[in-house]
Amino acid sequence: AGDGSGPGGSAEEDGGPPAPERVLFPPTFSVSEIKNKQRRHFMFLRWKQQQRKEKLAAKKKRRKEREALGDKAPPKAIPKTIENQRVYDETTVDPNDEEVAFDEATDEFAPYFNRQTVPKILITTSDRPRGRTVRFCEQLSTVIPNSHVYYRRGLALKRIIPQCIARDFTDLIVINEDRNVPNGLVLSHLPEGPTAHFRMSSVRLRKEIKRKGKEPTEHVPEVILNNFTTRLGHSVGRMFASLFPHDPQFIGRQVATFHNQRDYIFFRFHRYIFKSEKKVGIQELGPRFTLKLRSLQKGTFDSKFGEYEWIHKRREMDTSRRKFHL
């Protein structure tokens, strides 16, 4: 068959230009066309290795060009992410919007933000909770100051809520479980609502967190709310803020973070570690969990006749990966 240079020998022997170096993977190369499974897997690994080498070489080339240009180098390109390519939402809150300011001054959380009420939280569970849910509630009560854990003992929520109001509780948290694992959280602001229902996942107790710090102290933590940008997100963020006392005690160096990313709310509880005057580290205390809003209901909890402000309808709402609601 020869070496591909033609029947008359190589190009160099005929005095022509040297044959170009054979490309390992041509532009039209497709691994899926290889029918042998082992060969296909091997070629795929080689193709990925070549891609990494080309990407690294291009990165080094760009860095050298920027160093050569110095101050005249063009600004770095912002990489595209799902977050910065987000579909615009008409309900995005403008901090200077007078309508939003009026709504915040008259909504159900206004007494808290006007310092007319002091948070007092009741934490309860679904009926007959298992050990993991019980431990999670106990650890959650150490994160939220002035919170009290009580167990249901078969009592319906409609009977619990009037008792909470009579005892001056401002919020009710219900932790639901499935197969001994916490999988839901109901947060009801008292006495007039609203009530939010979240799906809970990725629950980690303190003993399950690597490199965790010492037990949290009784200091009032600082609260950080990230990326709650829409009207719905603003309402949810105000619900979380109203769980904590007004004035954090910074001497305790503890911070509770609710970080919204792609409509998933990640909760973390940290302590600041001041290593020097310029370096600051953080130490996770736990517990940690992730929430996904399922519904927001007007008033207190009412599963039959409640009026819903927002319900997550997956088939209708999740039509684009770049569309978020919070």
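Residue positions are given per chain, counting from 1 as you read along its sequence in written order. Thresholds applied to this predicted model are a pLDDT of at least 70 for local features of residues and 80 or more for the giving and counting of side-chain atom pairs; totals over whole chains, interfaces and linings are not thresholded and use all residues. Hydrogen atoms and water are omitted, and side-chain values are computed over all heavy atoms in the structure.

Caption draft 1: Seen up close, the environment of T133. By the criteria applied, helices consist of DSSP H or I runs no shorter than four residues and strands consist of E runs no shorter than two, each listed in order from the N terminus. Tracing the backbone shows T133 in helix α4 (residues 131-143). In this structure the C-alpha to C-alpha distance between T133 and N176, which are 43 residues apart in sequence, comes to 8.1 Å. Setting aside anything within four residues of it in sequence, one finds T133 in contact with T125, I175, E177, N180 and P182. Contact between two residues is taken to exist if any of their heavy atoms lie within 4.5 Å; hydrogens are not considered.

Caption draft 2: Quick peek at empty space enclosed by the protein. With a 1 Å grid spanning the protein atoms alone, the term cavity applies to any set of points in which a 1.4 Å probe fits but cannot get out, the term pocket to an open set with protein on both sides within 12 Å along at least five of seven lines, and the term lining residue to any residue with an atom within 4 Å of a point. Grid points are joined across faces, edges and corners, and a volume is the space filled by probe spheres set on the points. Per the counting criterion, the structure on display carries two cavities of 30 Å³ or more. The computed volume of the largest cavity comes to approximately 110 Å³. The wall of the largest cavity is formed by 13 residues, among which L140, I144, L243, F258 and F289 lie closest to the centre. Of all the secondary-structure elements, those providing two or more residues to the lining of the largest cavity are α4, β4 (181-189) and β10 (288-297). Classifying every residue of the lining of the largest cavity gives 13 nonpolar, no polar and no charged. Of the volumes computed, that of the second largest cavity is approximately 30 Å³. As for the second largest cavity, its lining consists of D263, K292, L293, W310, H312, H325 and L326. Charged means Asp, Glu, Lys or Arg here, nonpolar means Ala, Val, Leu, Ile, Met, Phe, Trp, Tyr, Cys or Pro, and polar covers whatever is left, Gly included. By residue class, the composition of the lining of the second largest cavity is three nonpolar, two polar and two charged.

Caption draft 3: Main features of the pattern of salt bridges. We define a salt bridge as a side-chain nitrogen of Lys or Arg found within 4 Å of a carboxyl oxygen belonging to Asp or Glu. Counting across every chain of the model gives ten salt bridges. Residue R231 pairs with D103 through a salt bridge whose shortest N-O separation is 2.4 Å. With R231 in helix α6 (residues 231-241) and D103 in helix α2 (residues 98-106), this residue pair connects regions lying 128 residues apart in the sequence. Ionic contacts of the salt-bridge type, sharing partners, join the residues E104, D107 and R238 into one network.

Caption draft 4: Structural detail: the packing of α2 against α6. Working convention: axes come from line fits to C-alpha atoms, limited for helices to the stretch in contact. Angles between N-to-C directions cover 0 to 180 degrees. In the contact formed by α2 and α6, the axes pass within 13 Å of each other and the chain directions differ by 30°. Between α2 and α6, the interaxial angle falls into the category roughly parallel. For the pair α2 and α6, the sense of crossing is right-handed. Where α2 approaches α6, its residues E99, V100, D103 and E104 are matched on the opposing element by R231, H234 and R238. When grouped by side-chain class, the residues that make up the contact of α2 with α6 number one nonpolar, one polar and five charged. An angle below 35 degrees is read as roughly parallel, one above 145 as roughly antiparallel, one from 65 to 115 as roughly perpendicular, and any other as oblique. The sense of a crossing depends on the near helix, which, turned anticlockwise from the far helix by less than a right angle, makes the crossing left-handed and, turned clockwise, makes it right-handed.

Caption draft 5: Molecular detail of α4. Under the 1.5 Å per step criterion, the end-to-end length of α4 is 19 Å for 13 residues, consistent within 8% with the ideal 18 Å. Residues of α4 that are buried: R132, T133, V134, F136, C137, Q139, L140, S141 and V143. Multiplying one less than the number of residues by 1.5 Å gives the expected span of a helix. Accessibility here uses a 1.4 Å probe with only protein chains present; expressed as a share of the type maximum, an area under 20% marks a residue as buried, one over 50% as exposed, and anything in between as partly exposed.

Caption draft 6: Broad picture of the pairing of strand β1 (residues 121-125). Within β1, five of the five residues are buried, which leaves the element mostly enclosed by the surrounding structure. Here β1 runs beside strand β2 (residues 147-149); their pairing, made up of three bridges, is parallel. Note on β2: the bridge partner recorded for I121 is S147. A right-handed crossover is one whose linking path, passing over the helix from the first strand to the second, runs clockwise when the strands point away from the viewer. For the segment spanning β1, α4 and β2, crossover handedness is right-handed. At least two DSSP bridges between two strands are required for those strands to pair.

Caption draft 7: Expanded view of the side chain of E177. If you trace the backbone, E177 turns up in strand β3 (residues 171-178). A polar side-chain atom of E177 sits 2.4 Å from a polar atom in the side chain of T133. The contacts of E177, once residues within four sequence positions are left out, are S126, R128, P129, R130, T133, P182 and N183. N or O atoms closer than or at 3.5 Å make up a polar contact, with two conditions inside protein: a donor-capable atom paired with an acceptor-capable one, and, for residues adjacent in sequence, both atoms drawn from side chains.

Caption draft 8: Fine view of the packing of aromatic side chains. Aromatic pairing here means that ring centres of Phe, Tyr or Trp (its six-membered ring) are within 6.5 Å. Orientation follows from the plane angle: under 30 degrees is stacked, over 60 is edge-to-face, and everything else is tilted. For the structure on display, the rule yields ten aromatic pairs. Measuring from ring centre to ring centre gives 6.2 Å for F44 and W47, while their planes differ by 35°; the resulting arrangement is tilted. Of the two residues, F44 and W47 are both situated in helix α1 (residues 37-69); the distance of three residues between them amounts to about one turn of the helix. The partly exposed category is assigned to F44, whose relative accessible area is 36%. With a centroid separation of 6.3 Å and 40° between ring planes, the pair formed by Y272 and F274 is classed as tilted.

Caption draft 9: Region of the structure containing the domain arrangement of the protein chain. Domain delimitation in this document rests on an assignment produced automatically or drawn from a domain database. You can read the domains of the protein chain as domain 1 (31-65) and domain 2 (93-318). Between the C-alpha centres of domain 1 and domain 2 the distance comes to 46 Å.

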